[in-house]
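If you want the building blocks of each chain, they are given just below.
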Amino acid sequence: MKALVYVGLKPGVLDPQGRTISRSLNDLGFDEVESALQGKVIELNLTGTDVEAAEARVKEMCEKLLANTVIENYRIEMRMAD
Amino acid sequence: MKALVYVGLKPGVLDPQGRTISRSLNDLGFDEVESALQGKVIELNLTGTDVEAAEARVKEMCEKLLANTVIENYRIEMRMAD
Amino acid sequence: MQTAVIRFPASNCDRDAAVALEKVTGRKPLIVWHRETELPAGVGFVVMPGGFSYGDYLRSGAIAARSPIVQDIKAKSERGLAVAGFCNGFQILTEAGMLPGALMRNTNLKFVCRPERLKVETADSRFTKTYTAKSEVTFPVAHHDGNYFADKDTLARVEKGGQVLFRYLNNPNGSLNDIAGIVNEAGNVFGMMPHPERAIDPMHGGTDGINLFKSILETI
Amino acid sequence: MARKKSEMTPEIIAEHGLSDSEYEIILDRLGREPNLNELGIFSVMWSEHCSYKSSRRHLAKFLTTGDRVIQGPGENAGVIDIDDGDAIIFKMESHNHPSYIEPYQGAATGVGGIMRDVFTMGARPIALMNALRFGEPTHWKTKQLVSGVVAGIGGYGNCVGVPTVGGETNFHKGYNGNILVNAMCVGLARADNVFYSAAKGVGNPIFYVGSKTGRDGIHGATMASAEFDDDSDEKRPTVQVGDPFTEKLLIEACLELMETDAIIAIQDMGAAGLTSSSIEMADKGGVGIELNLDKVPQREPDMTAYEMMLSESQERMLMVIQPGKEKLAFDVFEKWELDVAQIGKTTDTGRLVLKHNRKKVCDIPIAPLADDAPNYDRPHVKPEPRPVLDAADIHETQDYNDALLRIMTSPNIASKRWIWEQYDRHVMSDTVDSSQSGGDAAIVRIHGTNKAVAITTDCTPRYVEADPYEGGKQCVAETWRNLTCVGADPIAITDCLNFGNPERPEIMGQFVGAIEGMNEACHAFDYPVVSGNVSLYNETNGQAIPPTPAVGGVGLIPDLHKFATLKGAQTGDTLILIGDTTGWLGASIYLAEILSREDGAPPPVNLSVEKLNGDYVRKLIRNRRVNAVHDLSDGGLAVAACEMAFGSGVGMALSAPPSGKRHGWLFGEDQARYLLAVEKNSVNPVISTAKAKGISATIVGTVGGNRIQAADAFDVSLDKLLAANEAWLPNLMAGDA
Ligand SMILES: Nc1ncnc2c1ncn2[C@@H]1O[C@H](COP(=O)(O)OP(=O)(O)O)[C@@H](O)[C@H]1O
Ligand SMILES: [Mg+2]
């Protein structure tokens, strides 16, 4: 089983990385880029088969380690192995 | 219009971040974590309405700036504004 | 006074901190390995040193903040133990929730190493009592993630409570309100991005940092 | 013949970079055909990178011994004695090709690799340097390369916690297609606890420590020995990713184990990974080695023997452990959370035997791999000597203010603050002086003592291009001079010889000429080469880089009460120039920046004058006769005076030339010269003693005010000039991602 955890900055927190990316894209001639945000994806490979239980555990991982909730939001997507 | 660009290390490339994350999740008692991979998501806000044309441009952005294809893969997801 | 420096994997200013503590106390600090679950008895002051604990992977200081020894230090700090974190140590203290706010990537996205002038905001604290309020000091900075952030309410509370001890005169990283170092509400846990432990020797970085160690060690 | 029904097609052999005659030697030594694993092993061992097949016979000419040399070339790094039982271990290495392909990781792993060379020998790394060459600032790729390389060097060194204290950075169109990233590491060890790579004994356990093995950079060593063409961007091989966190743990773990008697021999896995490390250890110790590849910690499933032997995964070490100390070794490495495995043993067969999946997959004699490696005497031709230019025939600028400003904001002279502020220069708390002051050599204190090492890297490729022999001399002389400027006794050098394709006689001519020139300087100064590295095939589409033999010098400051920098000039000081000025403008910065010309012979280096002048300057520093010292190099007297003014924060006024034209006087690049800021009452003794020794010493100006002036030439505000000098690189790099 896999969990995809998306971690991004909360709205209102300045994202210098995103800003630099959009500026550099503009500099390269990609004028259509209005703004950019950069976040992280953490892909976890998990043992077990109970998706619901696993998701609850992943939520705990996020709160405990994967996200810093002072500045970050997170979102979890569970996937069965393909 | 939005483009979500997922950038991750190619399979086989060392991912020291992912390894350290999975180890420390194990240390915190999350034994179900077998491995972890860390990647980036870049969310681009774009002007224009032609999704196909936009996607081709985003692909170009990936090749030129957003990913280093020597070690990284990328995947693009287009979204109409909601 | 027995002091201690915590050593995490890839701490790299642990020796610098130890040299500073020995210089001021005349006694070698204990070096405590991160796997320990309890601080040795009798330690009155703990330094979380600079470096790149766990490679700064995930977020700077994040993984170290979850280590067993930090849980023990956190509990003891709630009962009054004096703790200071410099650079990565500051990041660890915010990640552990021992200090408010967070340290984000420098706004120009680059690592910055330079001597930085700071204003001592107040001498009314355990960590700055031997400085003159509003005086200027120079400490080196060397970090990639030193951009102090806190939400509006937290920031207002920190400012109002006089918890800001040092401010940059020439903000190198985008920190809100030019904040370089803060103390917790109780006044016993302190963190700063600049390196006072690299400013204790005229041959290397000047001597402006000595008073910081003197201040805290006098009060214990 | 056996080759008829061979599995080894000419294509496979060619893909492995082996020539027909090299393959014949393999057949002869083995008495049979190699299998693919064996072919791969021969191919990396006989690559230019590992075998030095084009350079070996010329490197052998170097002076490599001296009173303070504990270990010269041939080990992972050179070792010198700095008294009191302390030893300094250092080396410089290139990571050019990978840095061009993936600037961040290429540069980062370059730093990681050179550090491993140093701590493998028992030294704690205490300083890093970097010598960088990029293409034209306006070239489309340059900015991205500068940005990535600098971030990579900082990202690795900062994390590991070793200060990056200095370096040099050039820009020239000759590097558009091939940048140079040369990193140097200096470490501190106890002279009686240095570790070597020769395996010893029979049946001793072989340990693998560090990161797991993946399919990284397979054939990296052969890549470093091949030219680029336009397709290289497409055929990009995998580049290794560095993990400075593991490196830091590896340093601490190795140094901890080195405090015990558990290690018999140790070797880092650099280029050609497990292959070259095991073969070098066995060959040096005259033993055989048997490895069970099933035991190798692996990052990916189903790795073949071929892949494991050729992988260039980073942060790995191989060691021979004292029997009975296995548990001790395991305990230390496990404490530091490193992968560790006992993967084999030493044997008395003189053969490398590999087992995988319970089958023997390689069985070859070790001696031919190392000793019988090809050793070519490539044809070489001397370049036509260039004419000596007479300053009188060279156009003199009509606007000296403008000329000074242009030179001070030119790519090679402009401040490199944008670069070195991204490097932690202070960690370990022993940096006495670094890039920060713009000084000639970095000064790093030996922890807990009152002595220090001085470190510098130098090379002036345009001189080497103009005349490889004189240019080679100059590179060594400049490092010697820079160490002297801070009051150090120069001890020894390391080098990184970056050149084009050695199969071209004119390139080989540059290479041979430079080495012979360097060596002459080494002899004149009693200044041996103790380690080094060769990087050839730095060319794209037949366009070679300017010949760039980068030299890293190390010296000793015995007493930190007596050293100098260019920071100490005081208002009221007199400026004294040591050394003769003829106004040499051939191959100068003035010629390049003001007249867009790169012609003319470079300034000759008179080594005995160089020695005489330098020894005198060092003595003045030791006697505390001078407040500030700076040597004259690129841009001559004018640039040296500006740099001293920047470092000291006070203006300088230069007097009119004693004779000759002003441009030659101000911007000429005659060698063996130093600019001293001397307190008033020391001026007469400094000059009269010089005269007595036959050394040219001239009063050339005074210190004070806030302007940079030269009589009848320029007069500009110090602040304005400094601001312009500082602005050039940040402006170039503005907005990089
Ligand atoms: N890549 C770099 N890394 C660190 N420091 C650098 C780098 N490039 C230049 N510097 C610093 O800038 C200063 C000027 O360099 P350079 O002109 O090469 O000095 P010199 O001519 O005396 O050898 C030196 O102090 C040097 O250490
Ligand atoms: Mg110099």
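All chains use their own residue numbering, which begins from 1 and follows the written sequence. Chains and ligands are labelled sequentially in the order written, the chains with letters from A and the ligands with numbers from 1. In keeping with the model being predicted, local features are shown solely for residues with a pLDDT of at least 70 and side-chain atom pairs are shown and tallied solely at 80 or more, while totals for entire chains, interfaces and linings include all residues. Processing note: side-chain calculations cover all non-hydrogen atoms of the structure and skip hydrogens and water entirely.

**Some points on the overall build of chain C**
Only DSSP runs of H or I reaching four residues or more are called helices, and only runs of E reaching two or more are called strands; each is numbered from the N terminus. Summing up its helical and strand segments, chain C has 6 helices and 11 strands in all. The quantity called the radius of gyration is restricted to C-alpha atoms. Its globule counterpart is 2.2 Å times the number of residues to the power 0.38. For a compact globule of 220 residues, the expected C-alpha radius of gyration is about 17 Å, and chain C comes in at 15 Å, within 12% of that figure. Taking the principal axes of the C-alpha coordinates as reference, chain C spans close to 40 × 35 × 35 Å. In this scheme, a residue with accessible area under 20% of its type's maximum is buried, one over 50% is exposed, and one in between is partly exposed, where area comes from a 1.4 Å probe on protein chains only. In chain C, buried positions account for 65% of the 220 residues.

**Some thoughts on the interface of chain A and chain B**
Only heavy atoms matter for contacts: two residues are in contact if any of them lie within 4.5 Å across the pair. The partner chain B presents 30 residues to the 29 residues of chain A that form the contact. Note on terms: buried area is the combined drop in 1.4 Å-probe accessible area of two parts once they are placed together, counting the loss on both. With both sides pooled, the region where chain A packs onto chain B buries about 2,800 Å², and carbon together with sulfur makes up 61% of that total. Of all residues in chain A, Phe30, Glu32 and Asn45 of chain A give up the largest surface area on contact with chain B, accounting jointly for 20% of the area buried on that side. Salt bridges are identified by distance alone: a Lys or Arg side-chain nitrogen within 4 Å of an Asp or Glu carboxyl oxygen. Counting across the chain A and chain B interface gives 2 salt bridges.

**A short note on the site of ligand 1**
Residue and element names in this part refer to chain D. Any residue with a heavy atom positioned within 4 Å of a molecule or strand is treated as near that molecule or strand. Residues in close proximity to ligand 1 total 18 residues, the closest being Asn130, Thr169, Ser435, Gly439 and Asp458. N or O atoms closer than or at 3.5 Å make up a polar contact, with two conditions inside protein: a donor-capable atom paired with an acceptor-capable one, and, for residues adjacent in sequence, both atoms drawn from side chains. In the model, a nitrogen atom of ligand 1 is placed 2.8 Å from a nitrogen or oxygen of the Thr169 side chain. One of the backbone N or O atoms of Gly439 is found 2.9 Å from an oxygen atom in ligand 1. Accessible surface is estimated by sampling points in the Shrake-Rupley manner with a 1.4 Å probe; for residues, cover comes only from the protein chains shown. When isolated, ligand 1 has an accessible area of 560 Å², and the protein chains bury 86% of it. Put simply, the parts of the chain that give the shell around ligand 1 at least two residues each are strand E4 (124-134), strand E5 (164-171), helix H16 (417-420) and helix H18 (468-485). Among the elements that make up the shell around ligand 1, the one with the highest residue count is E5 (4 residues).

**Side note on the pattern of salt bridges**
Counting across every chain of the model gives 81 salt bridges over all chains. Its salt-bridge partner being Asp16 of chain C, residue Arg198 of chain C comes within 3.9 Å of it at the nearest N-O pair. Separated by 182 residues along the polypeptide, Arg198 of chain C in the loop between strand E11 (189-192) and helix H6 (210-219) and Asp16 of chain C in helix H1 (residues 14-25) bring together distant segments of the chain. Per residue, the accessibility class of Arg198 of chain C equals that of Asp16 of chain C, and both read buried. With a closest N to O distance of 3.1 Å, Arg68 of chain D and Asp83 of chain D form a salt bridge. Taken as a pair, Arg68 of chain D in the loop between helix H5 (56-59) and strand E1 (69-71) and Asp83 of chain D in the loop between strand E2 (78-81) and strand E3 (86-94) lie far apart in primary sequence, 15 residues in all. Overall, Asp83 of chain D belongs to the partly exposed group, its relative accessible area being 34%.

**Here's the deal with the relation of the copies chain A and chain B**
For the least-squares superposition of copies, only C-alpha atoms count, and only for residues with pLDDT at least 70 in both. The transformation that overlays chain A on chain B combines an axial shift of 0.0 Å with a rotation of 180°, and the residual RMSD is 0.2 Å. Given the turn and translation reported, the copies of this chain are related as if by a two-fold rotation axis. Relative to the rotation axis, the closest C-alpha in chain A is found at Lys40 of chain A, a distance of 2.3 Å. Taken as a fraction of all interface residues of chain A, those also at the interface in chain B reach 100%, which identifies the copy contact as same-surface.

**Observations concerning the sheet that holds strand E11 (residues 339-347) of chain D**
Residue and element names in this part refer to chain D. Reading across the sheet, the 7 strands line up as E8-E10-E7-E11-E9-E12-E13 and stay open at both edges, with mixed pairing between neighbours. Of all the strands in the sheet, just strand E8 (263-268) and strand E13 (359-365) have a single pairing partner and so form its edges. Geometrically, the sheet is characterised by an average inter-axis angle of 20° between neighbouring strands, direction not taken into account. Pairing analysis gives 4 bridges linking strand E9 (residues 288-292) to strand E12 (residues 351-356), with the strands arranged parallel. Think of it this way: DSSP has to see at least two bridges between two strands before they count as a pair. In this analysis, axes come from line fits to C-alpha atoms, helices being fitted only over the stretch in contact, and the angle between any two N-to-C directions falls in the range 0 to 180 degrees.

**What to know about the interface of chain C and chain A**
Each side of the interface is counted separately: chain C has 14 residues, and chain A has 17 residues. Carbon and sulfur atoms supply 66% of the area that chain C and chain A bury against each other, a total of about 1,300 Å² over both sides. Between chain C and chain A we count 1 salt bridge in total. Between Glu72 of chain A and Arg59 of chain C there is a salt bridge; the shortest N-O distance is 3.7 Å. Seen at the junction of chain C and chain A, the total is 5 residue pairs in polar contact (both at pLDDT 80 or more). When the residues that make up the side of chain C that touches chain A are grouped by side-chain class, the tally is 7 nonpolar, 3 polar and 4 charged. Note on residue classes: Ala, Val, Leu, Ile, Met, Phe, Trp, Tyr, Cys and Pro are nonpolar, Asp, Glu, Lys and Arg are charged, and everything else, Gly too, is polar.

**Quick look at empty space enclosed by the protein**
In this analysis, the protein atoms alone were mapped onto a 1 Å grid. Cavities are point sets where a 1.4 Å probe fits without being able to get out; pockets are open sets with protein on both sides within 12 Å along at least five of seven lines; lining residues have an atom within 4 Å of a point. Grid points are joined across faces, edges and corners, and a volume is the space filled by probe spheres set on the points. Counting across every chain of the model gives 2 cavities of 30 Å³ or more. Computed from the structure, the largest cavity encloses a volume of approximately 60 Å³. Forming the walls of the largest cavity are Gly51, Phe52, Asp56, Cys87, Asn88, Gln91, Phe111, Ala142, His143, His144 and Asp145 of chain C. Listed by contribution, the elements that provide at least two residues to the lining of the largest cavity are helix H4 (88-95) and strand E7 (136-143) of chain C. In terms of residue class, the lining of the largest cavity is made up of 4 nonpolar, 5 polar and 2 charged. Computed from the structure, the second largest cavity encloses a volume of approximately 40 Å³. Together, Asn12, Cys13, Gly51, Phe52, Cys87, Phe111, Ala142, His195 and Arg198 of chain C together with Asn158 and Asp424 of chain D line the second largest cavity. Of the residues that constitute the lining of the second largest cavity, the class distribution is 5 nonpolar, 4 polar and 2 charged.

**Points about the packing of helix H21 (residues 607-622) of chain D against helix H24 (residues 680-693) of chain D**
Residues and elements named next belong to chain D. Contact geometry for H21 and H24: axes closest at 12 Å, N-to-C directions at 150°. Here H21 lies roughly antiparallel to H24, going by the angle between them. Relative to H24, H21 is oriented so that their crossing is right-handed. Of the residues in H24, those touching H21 at Leu612, Tyr616, Lys619 and Leu620 are Pro685, Val686, Thr689, Ala690 and Lys693. Oblique is the label for any angle not under 35 degrees, not over 145, and not in the 65 to 115 range, which are roughly parallel, roughly antiparallel and roughly perpendicular in turn. The sense of a crossing depends on the near helix, which, turned anticlockwise from the far helix by less than a right angle, makes the crossing left-handed and, turned clockwise, makes it right-handed.

**A closer look at the pairing of strand E2 (residues 33-46) of chain B**
In this sheet, E2 of chain B lies alongside strand E2 (residues 33-46) of chain A in antiparallel orientation, the contact comprising 13 bridges. Residue pairing across strands places Glu43 of chain A opposite Leu37 of chain B, the latter belonging to E2 of chain B. Relative to E2 of chain B, strand E1 (residues 2-9) of chain B is paired through 6 bridges, and the arrangement is antiparallel. Paired with Ala3 of chain B across the strands is Leu44 of chain B, a residue of E2 of chain B.

**Examining unusual backbone geometry**
Not every positive phi belongs to a glycine, and Asn177 of chain C is a case in point at roughly 50°. The exposure class assigned to Asn177 of chain C is partly exposed, which follows from its relative accessible area of 37%. Even without being a glycine, Asn541 of chain D presents a positive backbone phi close to 50°. Take Asn541 of chain D: it is sitting in the loop between strand E19 (539-540) and strand E20 (543-544).

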